[in-house]
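Spelled out from the first residue to the last, the chains are:
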Amino acid sequence: MTTLGHHIGGARVPGTSDHHGPVYNPATGEITKHVCFGTRNEVDRAVAVAKEASVDWARTTPIRRARVMFRFLELLEKHKGDLAAVITEEHGKVLSDANGEVMRGIEVVEYATGIPHVMAGHFTENVGTGVDSWAVRQPLGVCVGITPFNFPAMVPMWMFPVAIACGNSFILKPSEKVPSASLMLADLLYEAGLPEGVFNVINGDRPTVERLLEHPDVQAVSFVGSTPVAKAIQLGAITHNKRVQALGGAKNHAVIMPDADLNTAVNGLMGAAYGSAGERCMAVSVAVAVGEIAGPLVERIAEDARRLKVRPGTDPEAEMGPLVTAEHYQKVTSYIETGLSEGAELVVDGRGVQDESYKGGYFLGPCLFDNVTPDMRIYKEEIFGPVLSVVRTDSPEYALELVNDHEFGNGAAIFTRDGEAGRQFVSHVQAGMVGVNVPIPVPVAYHSFGGWKASLFGDHHMHGPEGVRFYTRLKTVTSRWPHDESQSASYAMPVQS
Ligand code: NAD
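Residues numbered from 1 in each chain as written. Predicted model: local features only at pLDDT ≥ 70, side-chain atom pairs only at ≥ 80, totals over all residues. Heavy atoms only, no water.

**Observations regarding the domain arrangement of the protein**
- The domains assigned to the protein are domain 1 (3–248 + 455–477) and domain 2 (252–436).
- Taking the mean C-alpha position of each, domain 1 and domain 2 sit 31 Å from one another.
- Taken together, the contacts link 19 residues of domain 1 with 26 residues of domain 2.
- Summed over both sides, the interface between domain 1 and domain 2 buries roughly 1800 Å², with carbon and sulfur atoms accounting for 61% of that surface.
- On the surface where domain 1 and domain 2 come into contact, there are one salt bridge.
- Our enumeration of links across domain 1 and domain 2 arrives at nine residue pairs in polar contact (both at pLDDT 80 or more).
- Those elements that place two or more of their residues in the side of domain 1 that touches domain 2 are α2 (62–91) and α3 (95–112).
- No other element matches the three residues that α2 contributes to the side of domain 1 that touches domain 2.
- Looking at the side of domain 1 that touches domain 2, its residues break down into seven nonpolar, eight polar and four charged. (Domains from an automatic or database assignment. Contact = heavy atoms within 4.5 Å. Buried area = accessible area lost by both parts, 1.4 Å probe. Salt bridge = Lys/Arg side-chain N within 4 Å of Asp/Glu carboxyl O. Polar contact = N/O pair within 3.5 Å; in protein donor to acceptor, adjacent residues only side chain to side chain. Helix = DSSP H or I, 4+ residues; strand = E, 2+ residues; numbered from the N terminus. Nonpolar A, V, L, I, M, F, W, Y, C, P; charged D, E, K, R; others polar.)

**Some remarks on the site of the ligand**
- Taken together, 26 residues are adjacent to the ligand, and K173, E176, S226, G248 and E382 come closest.
- At 2.8 Å, a backbone N or O of T147 approaches an oxygen atom of the ligand.
- At 2.7 Å from an oxygen atom of the ligand is found a side-chain nitrogen or oxygen belonging to K173.
- Burial of the ligand by the protein amounts to 87% of the accessible area it has alone, namely 840 Å².
- When its residues are assigned to classes, the shell around the ligand shows 14 nonpolar, eight polar and four charged. (Near = heavy atom within 4 Å. Areas by Shrake-Rupley, 256 points an atom, 1.4 Å probe, with all protein chains shown as cover.)

**Points about the sheet that holds strand β20 (residues 433–436)**
- With mixed pairing, the seven strands of this open sheet are ordered in space as β15-β16-β17-β14-β13-β19-β20. Lying at the two open borders of the sheet, with one neighbouring strand each, are β15 (345–348) and β20. Across the sheet, the axes of successive neighbouring strands diverge by a mean angle of 20°, strand direction being ignored.
- Direction of pairing for strand β19 (residues 411–415) relative to β20: parallel, over a ladder of four bridges. Note that in β20 the partner of A413 across the bridge is G435.
- Sitting on the sheet, helix α10 (residues 294–307) is in contact with β13 (252–256), β14 (284–290), β15, β16 (367–370) and β17 (387–393), with an inclination near 50° to β15.
- Here helix α14 (residues 419–428) sits on the sheet and contacts β13, β19 and β20; the angle it forms with β19, its principal contact strand, is near 170°. (Pairing = 2+ DSSP bridges. Axes fitted to C-alpha atoms, helices over the stretch in contact; angles between N-to-C directions.)

Put into structure tokens, the structure is as follows:
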């Protein structure tokens, strides 16, 4: 059986540790390969290689760096099917969804090809007589990315195309559950002509991450994953004096107003709650139904949920695949028990959905809870599975209060036909990404992605202009070229003249 290693200095290298993790096919429950966890020595080697490579790469002109991104883009187009296939194999999501994930990652590479333009500084002539001032953004050096299981290609691509295009080198520590896509991306980057050592992949778990966090030559850390780990990463990075952006968990609400178009709301919620088996940080896990729309909404979602095709991700008819691991399946199903014991009404129960031919896989069908209240654990905590909770209220103000009082603030959406209601929601909602009749408002690559409250620790969102700011630092220059050498010393604070 294959054991995956790392990608250091421009080539795949075997791991040296005896510490391995299993990689599963979630549709069958079989172990398909192992992944080797990076040791302190391997991390140190990757950082040394990345540091050395970062010097010349930072001096490479932005247009040359962009040309590597253009070639990478072509190769991604050519190999996007292979990437999607490996995502489905290791994560379980259906192939069409895996293809969509790869495309959303490709969009960030498209953005990165414009780096000469987006990194341009600004210049002011004559800030004083004969004195000019300009500001440029320069790369940081070695940047690190630590990524979750649920988007094996897209989340790494939120980070490294922008970091590299800005002139940094990068070390990616992907989720140990889905390691293959990152290694494939590394192969493609080098085929595109990236100089050795600018991009590295080090597989591993907590000790690998801890060494990356404490290493003095790492300048910046980007993290995406669960909130407890995001908090720990932020603290660790700050303690070791690094720039950090750490994106955490979510509990995204969609408010369905009484005047909403029922079809639009139902179809939007079905995809947002059950797409990728709910294992999306932008999944809608709470629908707040305002007024009389609640009854028909629950009825229609229940009908559609019962019809949803839960199959292996490779089945062309599959609409939803399995959960990622047996452990995660246990976690999600334990929340079904919790919801029942808390008094929520389980309208659709997805347990026991798999038929004999899919035995061994981690299949859980769509689950729908009605009459959920904010004191319940199924409302408060992130479940990260195909479980939608419906909260009923007659008050639009209370609906907004619910969203704003929740611990998480990644995404939020409103379904309405009333422009003023939509506008008020957008203005007052406490969330980083907001949708109006759009259930999963994931920003495109040239905007930036990030949540508020316990969904993001740090100051910068990812990719787009915020990504460029995160991966560069500002240098402001003031200069003059005096021909008159008679100027005497001045002891007063210089002012503009
Ligand atoms: P996770 O936090 O368990 O793991 C994320 C990464 O951190 C992995 O690479 C893992 O190896 C590493 N890690 C795990 N525990 C660690 C520890 N104690 N110390 C250091 N590193 C550690 O998350 P996951 O289960 O892979 O992903 C699901 C979570 O990610 C969900 O909470 C989801 O909401 C979140 N997520 C958030 C976003 C976002 O944009 N906000 C996007 C995708 C996923």
